[in-house]
Amino acid sequence: MARAQAIPEQAKSWRLIGTAITITLFRVSLILTTVQDDQPHCGGAEAKMASLNGSGVLNQIIISPSDTDYLDQLIPSIREHSIGNRTPQLLQSLARFASDKEAEIESICNTNHQDFVSSVNSLLRIREGTVSLTTEILDLNQSIQTSTERLAEQKKALVESRSHRQNIDETSRAIRDCLEVLRLANQVHDLLAKKNHYAALRALEELQNVHLKGVTQYKIAEMIQRSVPATQRAIAEAVMSDLNTWLYRIREMSPFLGELALFHTDQRKSRLKERADKIPFLENFSLNSAIELVADEGEEYDLLQNEDLQVPFAPLFECLHIHQSLGQMDKFRIEYANTRRRQKDLLLPASVTLVDEDGASLHNLLEEMAGFAIVERATMKRVPDLRSPVEIDELWDSSCQAAVGVISKALHEVDNAESILKTKNLIALFMQTMNTWGFSVRVFDDFLLKLFSKYAELLKKRFSDDFQEFKIVSTDDYMPMPIQTPEEYEKVLNVSWYIPEKPREEQSFPCILPFSRMYPLCCIDIRNFLNQFYFFANDEFSHPNVIDETLKDALDDLLCRKVCDTLVERLSSQYLGQIVQILINLEHFESACHELELLLAAARSQNSTSTSIALRATEKFKNNKKAAEKRIFEVVNSKIDDLVETAEYEWMAPHPPSEPSNYMQTLTRFLSNIMNSTLLGLPTEIKELIYFDALSHAANMILAQPLAPEVKTINPNGVAALAKDVEYLAQFVDSLNVPILRENLDELQQTVQLMQAENADEFYDISTRNKKYGRVDAMQGPILLEKLTRTVQVPSKVDKFVNLSSRFKKT
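The rules behind each value
- By convention here, each chain's residues receive numbers from 1 onward along its written sequence.
- For this predicted model, a pLDDT threshold of at least 70 governs which residues receive local features, and a threshold of 80 or more governs which side-chain atom pairs are given and counted, while totals over whole chains, interfaces and linings are taken from all residues.
- Remark: hydrogens and water are excluded; side-chain values derive from all non-hydrogen atoms of the structure.
- UniProt positions are given in the numbering used here, feature names are shortened, and annotations may be inferred rather than shown by experiment.
- Runs of E in the DSSP output that reach at least two residues are strands. Runs of H or I that reach at least four are helices, and both are numbered from the N terminus.
- Remark: exposure states derive from per-residue accessible area (1.4 Å probe, protein chains only) relative to the maximum for the residue type, with buried under 20%, exposed over 50%, and partly exposed in between.
- Throughout, a residue-residue contact means that at least one pair of heavy atoms, one from each residue, lies within 4.5 Å.
- The method behind every accessible area is Shrake-Rupley, applied with a 1.4 Å probe, and residues are considered shielded solely by the protein chains displayed.
- A pair of Phe, Tyr and Trp rings is counted when the ring centres sit within 6.5 Å of each other, with Trp represented by its six-membered ring. The angle between the planes then sorts it: under 30 degrees is stacked, over 60 is edge-to-face, the rest tilted.
- Two conditions define a charge located above a ring, namely a distance within 6 Å from the ring centre to NZ of Lys or CZ of Arg, and an angle within 35 degrees of the ring normal.
- Helix span, as expected, comes to 1.5 Å for every residue beyond the first.
- Taken from the helix axis, the directions to the C-beta atoms give the arc we talk about.
- The axes are straight lines fitted to the C-alpha atoms, using for helices just the contacting stretch, and the angles between their N-to-C directions are given from 0 to 180°.
- Any angle between 65 and 115 degrees counts as roughly perpendicular, while under 35 counts as roughly parallel, over 145 as roughly antiparallel, and the rest as oblique.
- Crossing chirality is assigned from the near helix's rotation relative to the far helix, an anticlockwise turn below a right angle marking it left-handed and a clockwise turn marking it right-handed.
- In this classification, Asp, Glu, Lys and Arg are treated as charged, Ala, Val, Leu, Ile, Met, Phe, Trp, Tyr, Cys and Pro as nonpolar, and every other residue, Gly included, as polar.
- The criterion is simple. A nonpolar core is a set of buried Ala, Val, Leu, Ile, Met, Phe, Trp, Tyr and Cys residues joined through side-chain atoms within 4.5 Å.
- One side-chain nitrogen of Lys or Arg within 4 Å of one carboxyl oxygen of Asp or Glu is enough to make a salt bridge.
- Definition of a polar contact: a pair of N or O atoms within 3.5 Å, with one able to donate and the other able to accept a hydrogen when the atoms are protein atoms, and with sequence-neighbouring residues admitted only if both atoms are side-chain atoms.

In the annotation of an unreviewed UniProt entry, the chain is listed under the name Exocyst complex component SEC15 and assigned to Penicillium oxalicum. Looking at the Sequence similarities (unreviewed entry) heading of the UniProt record, one finds this comment for the chain: "Belongs to the SEC15 family."

In structure tokens, the structure reads:
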């Protein structure tokens with residue numbers, strides 16, 4: 001019964017369910033039909049697949065745990081079939097299922113009508129719920145369809161936005177890359193504007209080799225790539241502009257750099273001299289020798305980097321490095337060399353002057369040359385690849401040639417030896433400075449020969465002018481030089497080559513020196529002449545032999561022409577004292593020439609082959625000393641002639657004389673005076689020679705008196721007068737205590753003895769004549785004997801008058 005009751009109730013429930021399902025399926029079919037109209041039809045395979053899927057959906061609906069869960073299974077299936085165009089298969093499956101269930105429900109209802117009615121009521125209720133559910137499903141479907149459309153639109157928009165975003169991202173990345181490239185390009189120009197040339201070049205290389213490769217697909221890369229050569233040129237031009245500015249500043253620094261170089265070379269010379277004063281051995285070493293360099297190590301001085309001057313090479317290094325990076329090293333070398341060559345041409349002036357007081361013109365020229373060359377040498381040491389030694393030496397040689405040419409043109413205006421000496425000293429200092437830096441100074445060394453020739457010419461002219469202007473020789477008093485004080489005596493001895501007979505301690509003052517004032521004055525000039533010649537050779541003059549020979553010739557010329565010749569001209573004087581003084585001066589000048597020869601030989605260069613020097617002036621003074629002696633003989637003999645001519649012998653005198661003749665007394669007094677005064681300063685041998693010749697000449701002149709053609713006869717009184725005079729003269733000679741002088745009177749005395757002999761015929765006997773009258777001339781003896789007469793007559797008044805007339809005529 002219970003089972004009978006359960007069956008109707010179950011049938012009723014199934015009927016209600018079937019009714020609800022039918023209604024639901026009907027509604028769903030409407031929905032699906034609507035959806036189907038919007039979807040394309042499926043093929044056979046797809047329909048079979050849909051049928052299988054539909055059966056699966058029905059099974060899932062049947063096994064749903066609740067009445068509402070089937071919708072949850074149905075909605076996804078509807079969506080899937082709607083999307084796959086399999087809606088008809090799903091409807092067929094649902095319709096078939098609904099038909100099967102209706103048949104089953106109808107069979108059940110036929111047996112359980114009451115249950116079926118109740119089930120229908122239930123289904124009606126269910127229908128109401130289903131209608132509401134259908135409405136909800138339709139709303140839901142509409143909402144789903146709206147959401148699906150909106151979702152599709154959003155998905156489409158999303159796809160489109162993703163594409164746009166990807167494009168934007170790509171564009172953004174491209175813009176960033178391009179902006180980075182532009183930033184680097186601008187950075188290159190900014191660095192260039194800040195004069196960071198090497199940093200700009202490195203940034204440009206990084207831009208070209210790294211960053212541009214990432215943006216090769218963009219036109220900006222091509223544009224920037226095309227601008228790289230122009231930028232490189234701009235960098236090269238900018239760095240060259242900075243280098244030219246640096247070169248201009250270096251050119252402005254060159255004079256000061258040269259001035260510092262010359263100053264420190266002069267300081268080194270002073271230190272070398274101080275060391276040589278302490279250690280004489282160091283005098284054998286010159287500036288720039290190894291010993292000097294070692295000794296001066298403690299005074300090392302960086303000429304290019306010091307507290308007074310700093311020469312920066314950074315612009316040059318930067319320019320060099322940039323051109324190496326650009327592969328333009330050869331071009332840079334050529335351009336740098338041309339620039340330095342032009343600067344070298346600019347530093348040489350068209351002309352200089354050597355007569356300005358401070359020598360600024362020549363100083364500026366040499367200082368600029370020194371500074372320029374030192375920078376060149378320093379550049380070569382720091383950058384060996386930039387400047388070769390050959391290029392620098394060629395540039396240096398051309399500078400030296402041009403400078404020497406300019407200086408040579410200015411030599412004609414120099415008329416002062418001191419100016420030449422200053423020029424030489426400055427050039428010598430310049431040469432020593434440049435030797436320190438390894439530069440050849442051969443051109444200036446050759447020029448010093450020309451400068452020395454000019455110097456020697458000016459010295460000779462000046463000393464010649466001094467002799468003429470001060471008239472040292474011509475205005476001399478030709479008297480022995482008086483000395484008043486020991487100081488004056490010391491000065492004379494120091495400047496002259498006079499060796500006194502007495503030691504200085506024994507010399508009393510005032511005193512008389514044998515030479516006249518002209519001798520020490522000439523010695524002073526000669527010493528100055530020598531010193532000024534050797535002033536030229538004290539530094540950096542490698543031609544000492546030239547100085548030695550030039551000095552010898554100049555000194556010879558000066559002594560011969562200006563001293564000796566002038567003295568010889570004065571020998572024409574009739575004043576015996578002047579002639580004697582000239583002879584004494586010639587004697588001392590000859591001695592001075594011997595001393596000068598020794599001095600010149602000692603001062604000659606060690607490399608000289610000759611060990612002795614012979615001055616022409618020595619021989620000339622010696623020869624002219626003989627001429628002076630001869631002139632003294634002439635003057636003395638002339639005076640003797642004049643005195644003897646005044647003799648008034650009365651060869652026929654009525655009375656013998658009571659005293660010697662006046663002329664004989666005067667003659668002996670004259671000889672005595674010149675011996676004790678005029679000839680006193682002469683050497684003894686010269687004095688004796690003069691006396692010997694004077695007495696010989698006097699004897700000959702006295703002997704010529706009776707031999708005169710106008711003397712016809714001579715009586716014993718006349719012979720007595722002659723004998724008295726000869727005896728007086730003999731006594732005078734004996735008083736001189738020079739035995740050799742007595743020989744000059746032998747002929748005269750023997751002739752007088754012959755004239756006084758009682759037996760004159762002895763003269764004709766050769767043996768007797770040789771014994772008693774050996775010095776009597778064989779021709780003159782007979783002549784005198786023929787004139788002798790033994791008669792003495794007293795003269796009448798007429799004879800006296802004739803004798804007085806003849807004497808008057810002689811007077």
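Asker: Before we move on, can you summarise the overall build of the chain with the specific residues and values?
Answerer: Secondary structure summary: the chain contains 27 helices and two strands in total. Residues classed as buried in the chain amount to 43% of the 811 residues present. Sequence-distant contacts in the chain: of pairs separated by 6 or more residues, those separated by 24 or more amount to 78%. Accessible surface, the chain: about 43800 Å² in total, of which carbon and sulfur atoms supply 53%.

Asker: Now, about the packing of aromatic side chains: what can you tell me, with residues and values included?
Answerer: Per the stated rule, a full pass over the model turns up 16 aromatic pairs. Measuring from centroid to centroid gives 4.9 Å for F463 and F529, while their planes differ by 85 degrees, and the two rings are edge-to-face. Of this pair, F463 sits in helix 14 (residues 442-469) while F529 is found in helix 16 (residues 518-535), placing the two residues 66 residues apart along the sequence. When sorted by exposure, F463 lands in the same class as F529, which is buried. Ring geometry for Y519 against F589: centres 5.2 Å apart, planes inclined by 75 degrees, an arrangement best described as edge-to-face. Highlighted residues: Y519 in helix 16 and F589 in helix 18 (residues 576-603), separated in sequence by 70 residues. This pair shows no difference in class: Y519 is buried, exactly as F589 is. Sitting over the face of the ring of F439, R377 holds its NZ or CZ atom 4.2 Å from the ring centroid. One residue, R527, lies across the ring of W497, its end atom 4.2 Å from the ring centre.

Asker: How would you sum up helix 10 (residues 329-347)? Please name residues and give values.
Answerer: In a regular helix each residue adds 1.5 Å, so 19 residues correspond to 27 Å; helix 10 covers 27 Å between its end C-alpha atoms and thus fits that length. Buried residues of helix 10: M329, F332, Y336, A337, T339, R340, Q343, K344 and L347, and no others. Along the axis of helix 10, the buried residues cluster in a sector spanning 165 degrees; they form a single face. Seen from the open side of helix 10, the exposed residues pointing more than 90 degrees away from its buried face are D330, K331, I334 and L346.

Asker: Could you give an account of the packing of helix 22 (residues 716-735) against helix 24 (residues 746-756), naming the residues involved and the relevant values?
Answerer: As a packed pair, helix 22 and helix 24 sit with axes 10 Å apart at the nearest point and diverge in direction by 150 degrees. As summarised for this structure, helix 22 and helix 24 are arranged roughly antiparallel, according to the angle between their axes. When the axes of helix 22 and helix 24 are compared, the crossing they make is left-handed. Here helix 22 contributes V719, A720, L722, A723, V726 and A730 to the contact with helix 24, which in turn contributes L748, Q749, V752, M755 and Q756. Class assignment for the residues of the contact of helix 22 with helix 24 results in nine nonpolar, two polar and no charged.

Asker: Can you break down the nonpolar core residue by residue, with the values?
Answerer: Within the largest apolar cluster, 186 residues are counted, with the highest numbers of intra-cluster contacts made by F332, M369, F444, F621, I632 and L671. Excluding residues that lie within four positions of it along the chain, L671 makes contacts with I640, Y691, A694, L695 and F732. Ranked by size, the runner-up nonpolar core spans six residues in total, among them L754, A757, F763 and V776.

Asker: Residues and numbers for the pattern of salt bridges, please.
Answerer: For the structure shown, the criterion picks out 18 salt bridges. For E376, the salt bridge goes to R340, with nearest N and O atoms at 2.6 Å. With E376 in helix 11 (residues 360-382) and R340 in helix 10, this residue pair connects regions lying 36 residues apart in the sequence. Accessibility expressed as a relative area gives 2% for E376, which makes it buried. One salt bridge in this structure joins K772 and E762, with 2.9 Å as the shortest N-O distance.

Asker: Please give an account of the environment of S735 that cites residues and values.
Answerer: Within the secondary structure, S735 sits in helix 22. Engagement of the side chain of S735 in a polar contact is seen with the backbone oxygen of F732, the distance being 2.3 Å.

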